[in-house]
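Coordinate analysis (summary)
Listed below are the residues making up each chain.
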Amino acid sequence: MRRFSAYVAIDWSGAKGKRHKGIAIAEARSESAPRLVRPGHAWSREEVLHWLLKRAAKERTLFGFDFSFAPPLIDRGEYLPGEPDVPKTAREFWAYVDSLSEDEDLGAASFLEIAHRRHFYFGIADGVKAGFMHFRQCDQQLNRQGGRKTASAYDAIGAAQVAKASFSGMRFLHRLDGKVAIWPMDSLPDHGSAVVEIYTRIYLRRAGMPGTKLRSRADLNRALNGLGSPPARLRFEPNDHQTDALVTAAGMRALAEQEPRAFDPVGLTPHIARTEGWTFGVL
């Protein structure tokens, strides 16, 4: 029996402000083609939260979000070295971020730009960028495998930065905590839904694609074919947020249902699970 009935990928990184069409949601069920959920709708982060809670209670679903569930801790022993009273587990850190962020719609700009400004790279005035580029154990493992994970949770500038999405995501996880299992901080439930961290490039590589953004139905369906999925039924040319969500939903389904190590990757320890988490698909 399948552990989950559906696989949902949320492209969270495009969110800007209260509502923005950058958030895209796609789902894949059984062996059918993945589909977009409310395509064209301008999702807010809080709206995604409410939608997820309702969906998780109704159907066993694996939800994937493309942000880092915690900053690196293992290599340096702290999330924010030199700062007093900063927690050392992901779950407590989510609450800490939430307590210091007054931004609307689960934003975290005040945490990055005011509360702990010196730890984040916003441009050349901050010094050498390489000094801010710290990575989690799963990111390092992915890079050793050729995964090209180059963005750090402390990088807050440019199109490739992940800090803003990740720290707003940590506020999101704090609101989810105790309501839906968050892997690997929580064990997978025998019954019920779960949330995991995703990275689209993993599924593009598994599909045999070069890893670049997809912006056409033809390229999207080539990727889906490489994942053993039927083609998407779209009547328009998708943007890259939509293709990321569609490919990842199909990839999550293939990984969860065909890969024995999907939830038991090499290198994941209880300590890493509590502190840094892991990206679903890094094996």
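Okay, so let's go over this structure. From a predicted model like this one, the values you see are computed outputs, not experimental measurements. (Residues numbered from 1 in each chain as written. Predicted model: local features only at pLDDT ≥ 70, side-chain atom pairs only at ≥ 80, totals over all residues. Heavy atoms only, no water.)

Section: the nonpolar core
Just so we agree on the cut-off: Only buried residues count toward a nonpolar core, which is a set of Ala, Val, Leu, Ile, Met, Phe, Trp, Tyr and Cys residues joined through side-chain atoms within 4.5 Å. Accessibility here uses a 1.4 Å probe with only protein chains present; expressed as a share of the type maximum, an area under 20% marks a residue as buried, one over 50% as exposed, and anything in between as partly exposed. Here a helix means four or more residues in a row that DSSP labels H or I, a strand means two or more in a row labelled E, and each is numbered from the N terminus. Only heavy atoms matter for contacts: two residues are in contact if any of them lie within 4.5 Å across the pair.
Counting 50 residues, the largest nonpolar core has Leu-52, Phe-65, Phe-93, Phe-111 and Phe-167 as its most contacted members. The element best represented in this core is helix α5 (residues 163-176), accounting for seven residues. Dropping the residues within four chain positions of it, Phe-93 is found in contact with Pro-71, Tyr-79, Leu-80, Val-86, Pro-87, Phe-111, Phe-167 and Met-170.

So, the packing of helix α1 (residues 45-58) against α5
Inclusion rule: Axes here refer to lines fitted to C-alpha atoms; in helices the fit is confined to the stretch in contact. Angles between the N-to-C directions go from 0 to 180 degrees. By the definition used in this description, the sense in which the near helix is turned from the far one sets the handedness, with an anticlockwise turn below a right angle giving left-handed and a clockwise turn giving right-handed. Under the scheme applied here, ten amino acids are nonpolar (Ala, Val, Leu, Ile, Met, Phe, Trp, Tyr, Cys and Pro), four are charged (Asp, Glu, Lys and Arg), and all others, including Gly, are polar.
The N-to-C vectors of α1 and α5 enclose an angle of 35°; their axes lie 11 Å apart at closest approach. The element α1 and its partner α5 pack so that their crossing is right-handed. Each of Arg-45, Val-48, Leu-49, Leu-52 and Leu-53 in α1 lies in contact with α5, whose residues at this interface are Ser-168, Phe-172, Arg-175 and Leu-176. Tallied by class, residues from the contact of α1 with α5 come to six nonpolar, one polar and two charged.

Comments concerning the sheet that holds strand β3 (residues 35-36)
For clarity, the cut-off: Strands are treated as partners if at least two bridges between them are detected by DSSP.
The mixed open sheet is built from six strands, whose spatial order is β3-β2-β1-β4-β6-β5. Looking at which strands have only one partner, the edges of the open sheet turn out to be β3 and β5 (181-182). Relative to strand β6 (residues 194-197), strand β4 (residues 61-65) runs parallel, the two sharing four bridges. Bridging across to β6, Leu-62 finds its partner in Ala-194. Packed on one face of the sheet, α1 meets β1 (6-11), β2 (24-29), β4 and β6 and runs near 160° to β4.

Things to note about the pairing of β6
What you see with β6 is no split at all: Ala-194 and Val-196 on one side and Val-195 and Glu-197 on the other are buried throughout. In the sheet, β5 pairs with β6 via two bridges, with the strands oriented parallel. When the sheet's bridge partners are listed, Ala-181 is paired in β6 with Ala-194.

Here we look at α5
Quick reminder of the rule: Given the number of residues in a helix, its expected span is that number minus one, multiplied by 1.5 Å.
For α5, which comprises 14 residues, the first-to-last C-alpha distance of 20 Å matches the rise-based estimate of 20 Å (1.5 Å per residue) to within 8%. Counting buried residues in α5 gives eleven out of 14 residues, a clear majority hidden from the surface. Buried within α5 are the following residues: Ala-163, Ala-165, Ser-166, Phe-167, Ser-168, Gly-169, Met-170, Arg-171, Phe-172, Leu-173 and Leu-176. Next to the buried residues of α5 lie α1, β4, α2 (90-99), α3 (109-115), β5 and β6. Two residues or fewer past α5, Gly-178 is found with a positive phi of approximately 90°.

Worth remembering: the numbers are spatial, not functional.
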